[in-house]
Amino acid sequence: MTALTSSESDSGYAHVAYHVEDGVAHVRLNRPDKLNVLGFGPDGSRAEILAALQRADADASVGAILVSAEGREFCAGGDLTGAPPTDRPYDVTEMVAEVDRFHAGIRAVRKPIVAAVHGLCLGAGLGLLAQFDLVVAAEDARFGLVEGRIGHPGATELVPLIGPAWAKFLILTGELIGASVAERIGLVLAVVAPDALSVRAGDLAARIAATPREAAILNKAAVNATADAMGRADGRAAGRTRDVVTVSNARYAEAPDGRRFADILATEGVTGLKAARDSQFTGSWLPTPTSMKEDQ
């Protein structure tokens, strides 16, 4: 994505850029130095993303919202170094509940949300993506639940979108999939050339913004209500309790060399954690381009 100009950036946010143009509110994840990982707490990027979306929802001039990201990656997942300590079982419950409140807040946004995804969208980034209404991806976009390799959860939000088999594949292998596969399984609506992403996603958001506002809000609500009645809401609630258990057990998850991933993160940081995580296997099980295989 192109860099923001000073006129586009809203100084009221530390991790998000915001502006409104022609009925579309543009919300850009703006932590490029951290690959737009999602942080916790009242000053974290999750809180700011939700605040920006709620701001757009309350703005009468806005008919649709476009979410994109600065830098080379859309979102590399959750901020592991900024996660709150989980010394007690209740701490784990509260951490998972904070993420759940974040997702619920996004789902409560009445106006349609379009996402423009480029580069990596991993882990918590996929959970974020699952809350949006329509996703347009660049051909270079890649998606995955790499946290499965270190014993963490992350697939609950994806099951209604891509089905249990693909959700299991992503979380059980931690393998990345390209944009064409993501389109085929229903994770994204369309795939476009990288240099066309901003224009194409922006055009989709503008088309939605040009329709009668009240009808767009009500039609989105009707589709969501139907999906929930088909079991999406109940499935999410059931999966969330399992997520708490999985996070609790993750502190004991071991790398192939017998060391605990939690200890590796504490002593060697994210770099050491990634090295241990990626020592499990190399290459892709799915047929993928060479460029993607090198990143597994």
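All of these numbers come straight from a predicted model, not from anything done at the bench.

Caption draft 1: Quick look at the nonpolar core. In this structure, Leu53, Ile65, Leu129 and Phe143 are the most contacted members of the largest nonpolar core, which totals 50 residues. Residues within four places of Leu53 in sequence aside, it is in contact with Val27, Ile65, Val67, Ile106, Val109, Ile113 and Phe132. By size, the runner-up hydrophobic cluster in this structure holds 14 residues, among which are Val24, Val136, Ala201 and Ala205.

Caption draft 2: Layout of the state of the cysteines. Summed over all chains, the structure comprises 0 disulfides. Of all cysteine sulfurs, the one in Cys75 lies closest to Cys121, which takes part in no disulfide; the gap is 6.1 Å. The class of Cys121 is buried, set by a relative accessible area of 0%.

Caption draft 3: Representation of the sheet that holds strand β9 (residues 190–192) in the model. With mixed pairing, the 6 strands of this open sheet are ordered in space as β1-β2-β3-β4-β6-β9. Two strands lie at the open edges of the sheet, namely β1 (16–21) and β9, each paired on one side alone. Adjacent strand axes in the sheet meet at a mean angle of 20°, parallel and antiparallel pairs treated alike.

Caption draft 4: The pattern of salt bridges, seen in detail. In this structure the tally under the stated criterion is 17 salt bridges. A salt bridge links Asp79 to Arg31; the nearest nitrogen and oxygen atoms lie 3.6 Å apart. Taken together, the positions of Asp79 in the loop between β3 (64–69) and α2 (89–107) and Arg31 in the loop between β2 (24–29) and α1 (45–58) put the pair 48 residues apart, joining distant regions of the chain. In this structure, Asp79 and Arg31 share a single accessibility class: buried. Across the pair Arg207 and Asp203 runs a salt bridge whose closest N-O atoms are separated by 2.7 Å. Here Asp203 and Arg207 lie together in helix α6 (residues 197–209), a separation of 4 residues that amounts to about one turn. Arg207 sits in the exposed class, given a relative accessible area of 57%.

Rules of the game
Residues numbered from 1 in each chain as written. Predicted model: local features only at pLDDT ≥ 70, side-chain atom pairs only at ≥ 80, totals over all residues. Heavy atoms only, no water. Core = buried A, V, L, I, M, F, W, Y, C linked by side-chain atoms within 4.5 Å. Buried < 20%, exposed > 50% of the residue type's maximum accessible area, 1.4 Å probe, protein only. Contact = heavy atoms within 4.5 Å. Disulfide = S-S within 2.5 Å. Pairing = 2+ DSSP bridges. Helix = DSSP H or I, 4+ residues; strand = E, 2+ residues; numbered from the N terminus. Axes fitted to C-alpha atoms, helices over the stretch in contact; angles between N-to-C directions. Salt bridge = Lys/Arg side-chain N within 4 Å of Asp/Glu carboxyl O.

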